[in-house]
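For reference, the chains in residue letters:
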Amino acid sequence: MSPPLETAQRGVATRPFTLWKEIATAYLAPALTAGLGGFLSGRPELTRAAFTSIGATSALVACIVGAWLHRRGRPRRWTASAPRPVLTLGLAMAAAGVAGLAGWFGSDWLPSHTPVPDAGWLERLRIDLPLSAGLAAAIVTWRWRGTTSRQPT
């Protein structure tokens, strides 16, 4: 069976943007890879962080960025017209910046103002949160922008 004419003319199959799939992938991909890396290298703190701060941050950022971009199926004009690399880099940097501030705030503020002990996992937040947020935002934005640029008008 041959593909539909419009798909064959473009040479690319159009796959719709599905937010829940993006969120699941954003959690599972870094959690499994970092978890496996922690397991194989004998670093149990990395394995724990893979399923908490790394995976959860990625899923949360994918949810926020994906929902903001998708906006009930009607993209904002500037997000749909901006060049794909520029939009991706901009949103990734913004997400990493916000997450970096959250990681810094959490690692410094929590032990001095709450009963949370000053543990090693708090220091990991300074790296885990911005890295996970930046990657998740970049991947979701790149994939979302790819689906919007191929949609027929």
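Residues numbered from 1 in each chain as written. Predicted model: local features only at pLDDT ≥ 70, side-chain atom pairs only at ≥ 80, totals over all residues. Heavy atoms only, no water.

**Examining the UniProt feature "transmembrane region" (unreviewed entry) in the protein chain**
Rule in force here: UniProt positions are given in the numbering used here, feature names are shortened, and annotations may be inferred rather than shown by experiment. To qualify as a helix, a DSSP run of H or I must reach at least 4 residues; to qualify as a strand, a run of E must reach at least 2; elements of each kind are numbered from the N terminus.
The sites that UniProt annotates as "transmembrane region" (unreviewed entry) are residues 49–69 and 89–107. Here residues 49–69 is 100% helix and 0% strand, with 28 Å between the C-alpha atoms at its ends. Across residues 89–107, the secondary structure splits into 100% helix and 0% strand, with the terminal C-alpha atoms separated by 26 Å.

**Considerations on the environment of isoleucine 23**
Filter applied, for reference: Throughout this description, buried means an accessible area under 20% of the type-specific maximum (1.4 Å probe, protein chains only), exposed means over 50%, and partly exposed covers the range between. Two residues form a contact once any of their heavy atoms are found within 4.5 Å.
Here isoleucine 23 is to be found in helix α2 (residues 19–41). Look at isoleucine 23 and you get partly exposed, because its relative accessible area is 23%. Excluding anything up to four places from it in sequence, isoleucine 23 contacts Ala59, Ala62 and Cys63.

**Concerning the nonpolar core**
Quick reminder of the rule: Working definition of a nonpolar core: buried Ala, Val, Leu, Ile, Met, Phe, Trp, Tyr and Cys residues. They are joined through side-chain atoms within 4.5 Å.
Val61 and Val65 are the most contacted members of the largest nonpolar core, which totals 19 residues. Contributing elements (two or more residues each) for this core: α3 (44–70), α5 (84–113) and α6 (120–149). Among the elements that line this core, the one with the most residues is α6, at eight residues. In this structure, valine 61 is in contact with Gly66, Ala95, Ala133, Ala136 and Ala137, ignoring residues within four places of it in sequence. Formed by five residues, the second largest nonpolar core is a distinct cluster that contains Leu46, Ala49, Ala50 and Ile54.

**Considering α2**
How we decide: Between the first and last residue of a helix there are one fewer steps than residues, each counted as 1.5 Å, and that sum is the expected span.
With 23 residues, α2 ought to run about 33 Å at 1.5 Å a step, and its terminal C-alpha atoms sit 33 Å apart, in line with that. At the C-terminal side of α2, glycine 42 shows a positive phi close to 75 degrees.

**Quick word on the pattern of salt bridges**
How we decide: For this analysis, a salt bridge means a side-chain nitrogen from Lys or Arg found within 4 Å of a carboxyl oxygen belonging to Asp or Glu.
One pass over the structure, following the stated rule, counts four salt bridges. Between glutamate 22 and arginine 143 there is a salt bridge, with its nearest N and O atoms 2.9 Å apart. Remark: arginine 143 occurs in helix α6 and glutamate 22 occurs in helix α2; sequence separation between them is 121 residues. For glutamate 22, a relative accessible area of 8% translates into the label buried. When its relative accessible area of 34% is taken as the criterion, arginine 143 is described as partly exposed. Of the charged contacts, one joins arginine 124 and aspartate 128 as a salt bridge, the two residues approaching to 3.2 Å between their closest N and O atoms. Remark: aspartate 128 and arginine 124 occur in helix α6; sequence separation between them is four residues, near one turn of the helix. No difference in accessibility class separates arginine 124 from aspartate 128, as the two residues are buried.

**Here's the deal with the packing of aromatic side chains**
For the record, the criterion: Under the pairing criterion, centres of Phe, Tyr and Trp rings, with the six-membered ring standing for Trp, must be within 6.5 Å; the plane angle then separates stacked pairs below 30 degrees from edge-to-face pairs above 60, leaving the rest tilted.
In the structure shown here, the tally under the stated rule is two aromatic pairs. Between tryptophan 68 and tryptophan 78, the ring centres sit 5.8 Å apart and the planes meet at 55 degrees, which makes this aromatic pair tilted. With tryptophan 68 in helix α3 and tryptophan 78 in helix α4 (residues 77–81), this residue pair connects regions lying 10 residues apart in the sequence. Judged by its relative accessible area of 47%, tryptophan 78 falls in the partly exposed class.

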